[in-house]
Each structure stands twice: as C-alpha cells, then as structure tokens.
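Each chain, letter by letter, is given below.
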Amino acid sequence: METMEEYADMIQQVMDMIYTADPSLLQRYGERGRHKCREDNLHHLKHLETAFQLGNASVFTDYALWLEGILSKHAMKTRTLTDNFQYMLDSLDLARSLDERARQAYRQYLEAAIHALQQHEAREASMITAQGEGN
C-alpha cells in the first residue's frame, strides 16, 4: 500500500471538494471530522489497491455497498459516498505514484462502485414506494 504521504495531494483535493460542496461540515464536525474524512479516504484507497492487486472490481464494489449499509444506519445518504468516489475519480491524477495501468483500474472500480450504489439506492426507493402503495 502506498503511504498516506504518496496520496496526500489527492486526499487533500478530495477533502477540499467535499468541504466546498458542503461548508457546514466544518461547523458540524470540526477538525475531528476533517481527520476522519482523511482516514476514510485512505481506507477507500486501500480497498482500491486490494481490488487492483486481486484484479477483481467486485472487491471494491462489495466494500462500497457494505460501507453504504453502515453509513445509512447513521443517517448518511448514498449521495455522500457517491460524491466522495466521484471526487476521488476527479483527483486520481494527483496520485502520482500510480502507474497508468493502476490508475485506469482505479477509475474502473470507482465508476463501477458509483453505478452499483446508484442502482442499490434506486432499488431501495422503489421498494419503499411499493410498500407505501400496498398500505
């Protein structure tokens, strides 16, 4: 695994994008929230690396779906995670230690996870709608 330093520029840009999109995060969670955000993005990168090493996109997609399940129990929306993954996609070029093959794989895995999360969210919404109509 690359060290945090090797991903520092990428993670900083992702965090800047997150906090620019929702400035209230800093007020709500303070520096502790920024630290947690940094850690979370490093975890995402570790899972991307594992998927790459195994040559298996589902490793990252399964992680994303698992994580979304945990976050939803804490009242976080799927969009929070998909936005984070999109910001990672937009910032991948800052992970200079990644060769082109790894960068392409990471892109593919992030895109697949975003797609899977969006499909999962749509299924959940349609189930809720169907349950409401059944009452």
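Just so you know, these numbers come straight off a predicted model, no measurement behind them. (Residues numbered from 1 in each chain as written. Predicted model: local features only at pLDDT ≥ 70, side-chain atom pairs only at ≥ 80, totals over all residues. Heavy atoms only, no water.)

### Overview of the overall build of the protein chain
- Secondary structure assignment for the protein chain yields five helices and zero strands.
- Taken from the N to the C terminus, the helices and strands of the protein chain come in the order α-α-α-α-α.
- The C-alpha radius of gyration computed for the protein chain amounts to 16 Å, which stays within 12% of the reference 14 Å derived for 135 residues, consistent with globular compactness.
- Counted over contacts in the protein chain with a minimum sequence separation of 6, partners at least 24 positions apart contribute 65%.
- Carbon and sulfur atoms form 52% of the exposed surface of the protein chain, whose accessible area is close to 8,300 Å².
- Charged side chains in the protein chain number 14 positive and 21 negative. The centres of these two groups are separated by 4 Å. (Helix = DSSP H or I, 4+ residues; strand = E, 2+ residues; numbered from the N terminus. Rg over C-alpha atoms; globule rule 2.2 N^0.38 Å. Contact = heavy atoms within 4.5 Å. Areas by Shrake-Rupley, 256 points an atom, 1.4 Å probe, with all protein chains shown as cover. Lys, Arg positive; Asp, Glu negative; His and termini not counted. Charge placed at Lys NZ, Arg CZ, Asp CG, Glu CD.)

### A short note on the environment of Gln118
- Tracing the sequence through the fold places Gln118 in helix α5 (residues 100-134).
- As for Gln118 and Thr82, which are separated by 36 residues in sequence, their C-alpha atoms are 7.8 Å apart.

### A few points about unusual backbone geometry
- Unusually for a residue other than glycine, Ala75 sits at a positive phi of about 65°.
- Tracing the backbone shows Ala75 in the loop between α3 (57-73) and α4 (78-91).
- Residue Ala75 is classed as exposed on the basis of its relative accessible area, which comes to 70%. (Buried < 20%, exposed > 50% of the residue type's maximum accessible area, 1.4 Å probe, protein only.)

### What to know about the environment of Arg107
- Note on placement: Arg107 falls in helix α5.
- Arg107 sits 21 residues away from Gln86 along the chain, and the two C-alpha atoms are 9.6 Å apart.
- Engagement of the side chain of Arg107 in a polar contact is seen with the side chain of Asp93, the distance being 3.1 Å. (Polar contact = N/O pair within 3.5 Å; in protein donor to acceptor, adjacent residues only side chain to side chain.)

### Concerning the confidence of the model for the protein chain
- Per-chain confidence: the protein chain averages 91 in pLDDT, with 91% of residues scoring 70 or above.
- Ranking the elements of the protein chain by mean pLDDT puts α5 last, at 87, and α4 first, at 96. (pLDDT = per-residue confidence, 0-100.)

### Examining the side chain of Ser91
- Looking at the secondary structure, you find Ser91 in helix α4.
- Looking at Ser91, the relative accessible area reads 1%, which means it is buried.
- Of the polar contacts made by the side chain of Ser91, one reaches the side chain of Gln13; its length is 3.1 Å.
- Residue contacts for Ser91: discarding those within four places in its chain leaves Met10, Gln13, Val14 and Met17.

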